[in-house]
Amino acid sequence: MVKVITYGTFDLLHYGHIRLLERAKVLGDYLIVGITSEDYDKSRGKINNQQSLMERIAGVKATGLADEIIVEEYEGQKIDDIRRYGADIFTVGSDWEGKFDYLNDYCKVVYLPRTEGISSSDIRAEKRKLALGTIGAGIICDKFIREMNYVNGVQHVECGHDLEGVDAVYIATHPSKRYDDVYRALSKGKHVICESPIALSLEQFETLKNLANQKGLVFEEAIKTAYANAYSRLLVVAKSGRIGDIISVDATCTSLAGRLGEDSSDLEIRQNSICAWGPTAMLPIFQLLGVKPKSTTIMTKIIDEKLNYDGYTKIDFVFDKAVASARMAKAAKAEGELIITGTKGYIYVPAPWWKTDYFEVRFEDAVDNKRYFYQLDGEGIRYEIVAFSKAIESGRGNVYIEEKISRAIAKVMEQFDKKDYVRI
Ligand code: C2G
């Protein structure tokens, strides 16, 4: 029996895919189709799949051409599979001509002519693009606009104050202005993704959320770290019990803002430490330990009284069975690491942990340590935009940053805003 193996994403299954499978099938007696997992596709830069792995599997299955379907999850798996399944022929479309010649050492490699004139990208592009405007300025806004270019189905549209001509808007204005900007955008029927913190009080957050719900609009908090592969994996590892019970989560984020301290004349246009870093530093704490701390103590060094501008802030949380601390600074420097302490071991994420592609699980006996590496493109912003446009298309909420997390962040912002803190 001649076994043939082929691989692909098979997103929005089309005629080109089916022709490939038909011809692959007649090369032998038994056809194995490897379908790429979401993570593997992300790691090779394919971030625009419209269908989930299960939907893509169902599509290939429905053709009736595959005798066996497997999932392709990592680089180098093709060699493992060819050996494991005893494949005689590896085949793929001619767009890959030459790329898989190295598999000739393991089986016969056949490139089948690609069907011209059709592709998943074309089908995706045919859908009307989401017109996404931006309000705000600065590096973060520029990065966001740049990252839009990598996302199929999203188009950057310049918009004025009236938000004419856009379906959705990204807001990165000064934290003190965000509430008004978000309110205005939602009132005009625009979907909103806004840098965190969105609101400086719980009441503000609830008002915005209710407005979005009433109007059936997507309203999301932008914390890019939440969308990074390494970060979402470390949450899973931490929750899996690998390091035992979680006892403490300690996150530090600092960025020494150049002239701060020497010339503080432009402080009002800068974000203070808690706005710039608080949401990111609190994210793993609330995602791992829950959103109901028994106590929240804010310790801060205020460098401008009138603006309530903190140069350094440390927030201590006490939960039922764990503690946590978030440290953040714009006018002090420390190691930007994340440590999750467990009863059996700990997870260490080196600086800058908020845009890392790597973490380590460490134990008493270093032999048991394990390192994890993941692809991170565009600091996570690219995936954030994909998730936002998918949320709009599907009408489902944000699965990366749940509403209760946004609420918990807004509560801490309110505590700070009311100056309910200990000064140093
Ligand atoms: N294909 C084709 N004609 C098209 C489009 C795709 O023959 N018009 C073929 C591709 O060459 C590939 C298969 O259909 O063999 C699946 O295509 P994709 O879903 O685009 O998957 P791809 O990214 O090519 O993955 O490890 C993954 C594989 O290497 C190929």
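Position labels on residues start from 1 in each chain and follow its written sequence. Per-residue local features are limited, in this predicted model, to residues with pLDDT of at least 70; the limit for side-chain atom pairs, both in listing and counting, is 80 or more; totals at the level of whole chains, interfaces and linings are taken over all residues. Heavy atoms from the whole structure form the basis of all side-chain values; hydrogens and water molecules are not counted.

Caption draft 1: Fine view of the overall build of the chain. Helices and strands together make up the secondary structure of the chain, namely twelve helices and 19 strands. Counting only C-alpha atoms and orienting by the principal axes, one finds that the chain spans roughly 80 × 60 × 40 Å. A contact between two residues is defined here by any heavy atoms of the two lying within 4.5 Å. Contacts in the chain between residues far apart in sequence, at least 24 positions, make up 68% of those at least 6 positions apart. What sets the accessible areas is the Shrake-Rupley method with a 1.4 Å probe; for residues, cover comes only from the shown protein chains. Summed over all atoms, the accessible surface of the chain reaches about 19,600 Å², with 49% contributed by carbon and sulfur. The centroid of the 57 positive side-chain charges in the chain is displaced by 2 Å from the centroid of its 62 negative side-chain charges. Strands here are runs of E lasting at least two residues and helices are runs of H or I lasting at least four, both read from the DSSP assignment and numbered beginning at the N terminus. Working convention for charge: Lys and Arg count positive, Asp and Glu count negative, and His plus the chain ends are omitted. All charge positions are set by atom: Lys at NZ, Arg at CZ, Asp at CG, Glu at CD.

Caption draft 2: Geometry of unusual backbone geometry. Cis rather than trans, the peptide bond between S196 and P197 has omega equal to 0°. Within the secondary structure, P197 sits in the loop between β9 (191-195) and α8 (202-215). In the segment running from A351 into P352, the intervening peptide bond is cis, with an omega of -10°. A positive phi is found at L163, a non-glycine position, where the angle reads about 60°. For L163, the position within the fold is in the loop between β7 (154-156) and β8 (168-172). Whether a residue is buried, partly exposed or exposed follows from its accessible area with a 1.4 Å probe, protein chains only, as a fraction of its type maximum: under 20%, in between, or over 50%, in that order. Accessibility expressed as a relative area gives 0% for L163, which makes it buried. Positive phi is not limited to glycine here, since K419 has a value of about 60°. Its location among the elements puts K419 in the loop between α12 (403-417) and β19 (422-423).

Caption draft 3: Molecular detail of the packing of helix α10 (residues 273-289) against α12. Each axis is a line fitted through C-alpha atoms, taken for helices only over the stretch in contact, and angles between the N-to-C directions span 0 to 180 degrees. One can describe the packing of α10 onto α12 by two numbers: an axis separation of 10 Å at closest approach and a directional angle of 135°. Considering their axes alone, α10 and α12 lie oblique with respect to each other. The interaxial crossing formed by α10 with α12 has right-handed handedness. Where α10 approaches α12, its residues I274, C275, P279, M282, L283, F286 and Q287 are matched on the opposing element by I405, A408, I409, V412, M413 and F416. By the convention adopted, Pro, Cys, Tyr, Trp, Phe, Met, Ile, Leu, Val and Ala count as nonpolar, Lys, Arg, Asp and Glu as charged, and the other residues, Gly among them, as polar. For the contact of α10 with α12, a count of residues per class yields twelve nonpolar, one polar and no charged. The scheme is simple: roughly parallel for angles under 35 degrees, roughly antiparallel for over 145, roughly perpendicular for 65 to 115, oblique for anything else. In this scheme the handedness of a crossing depends on how the near helix is turned from the far one: anticlockwise by less than a right angle means left-handed, clockwise means right-handed.

Caption draft 4: Geometry of the side chain of R178. Checked against the element boundaries, R178 lands in helix α7 (residues 175-187). As used in this structure description, the phrase polar contact means that two N or O atoms lie within 3.5 Å; if the pair is within protein, one of them must be able to donate a hydrogen and the other to accept it, and residues adjacent in sequence are counted only when both atoms belong to side chains. Within the structure, the side chain of R178 is placed 3.3 Å from the backbone oxygen of S196, a separation counted as a polar contact. What R178 contacts, discounting residues up to four positions off in sequence, is I171, T173, C194, E195, S196, P197, I198 and Q271.

Caption draft 5: View of the sheet that holds strand β3 (residues 68-72). On the basis of which strands lie adjacent, the open sheet formed by five strands has the order β3-β2-β1-β4-β5 and parallel pairing. Every interior strand has two partners, whereas the edge strands, β3 and β5 (108-112), have only one. Across the sheet, the mean angle separating the axes of adjacent strands is 25° when strand polarity is ignored. Lying over the sheet, helix α3 (residues 53-63) contacts β2 (30-36) and β3, oriented at roughly 160° with respect to β2. We treat two strands as partners when DSSP finds at least two bridges between them.

Caption draft 6: Quick peek at the nonpolar core. For the purposes of this section, nonpolar cores are sets of buried Ala, Val, Leu, Ile, Met, Phe, Trp, Tyr and Cys residues that join through side-chain atoms within 4.5 Å. Counting residues in each nonpolar core, the largest one holds 75 residues, and the members touching the most others are F317 and I340. Per-element tally for this core: the top contributor is α10, with ten residues. In contact with F317, other than residues within four places in its own chain, are M282, I285, F286, P293, S295, T296, V323, A324, A326 and V412.

Caption draft 7: How the structure looks around the packing of helix α6 (residues 139-148) against helix α11 (residues 381-394). Following both chains from N to C, one finds α6 and α11 inclined at 65°, their axes separated by 9 Å at the closest point. Taken together, α6 and α11 sit at an angle that is classed as roughly perpendicular. Here α6 runs over α11; the crossing is right-handed. Of α11, the residues touching α6 (which contributes K143, F144, E147 and M148) are I381, R382, E384 and I385. Of the residues contributing to the contact of α6 with α11, the split by class is four nonpolar, no polar and four charged.

Caption draft 8: Region of interest: the sheet that holds β7. Spatially, five strands are ordered β7-β6-β8-β9-β10 in an open sheet, and the strand pairing comes out parallel. Bordering the open sheet on either side are β7 and β10 (219-222), each of which pairs with just one other strand. Each strand axis lies, on average, 25° off the axis of its neighbour in the sheet, ignoring direction. When strand β6 (residues 130-136) meets β7, the two strands line up parallel, connected through three bridges. Looking at β7, one finds that A131 is bridged to Q155. Across the sheet, α11 is in contact with β6, β7, β8, β9 and β10; its angle to β9 comes to roughly 155°.

Caption draft 9: Quick peek at the packing of aromatic side chains. Only Phe, Tyr and Trp rings are paired, with Trp represented by its six-membered ring, and only when their centres lie within 6.5 Å; those with planes under 30 degrees apart are stacked, over 60 edge-to-face, the remainder tilted. On inspection of all chains with the given rule, the structure shows 17 aromatic pairs. Arranged with centres 6.2 Å apart and planes meeting at 45°, the rings of F100 and Y102 form a pair that is tilted. On the basis of relative accessible area, F100 is assigned to the buried category, the value being 9%. Exposure remark for Y102: the relative accessible area of 42% places this residue in the partly exposed category. Here the aromatic cluster, defined as three or more aromatic residues joined through ring pairs, consists of Y7, F90, W96, F100 and Y102. Cation placement over rings: the criterion is NZ of Lys or CZ of Arg within 6 Å of the ring centroid and within 35° of the ring normal. Above the ring of Y7, the side-chain terminus of K78 is found at 4.9 Å from the ring centroid.

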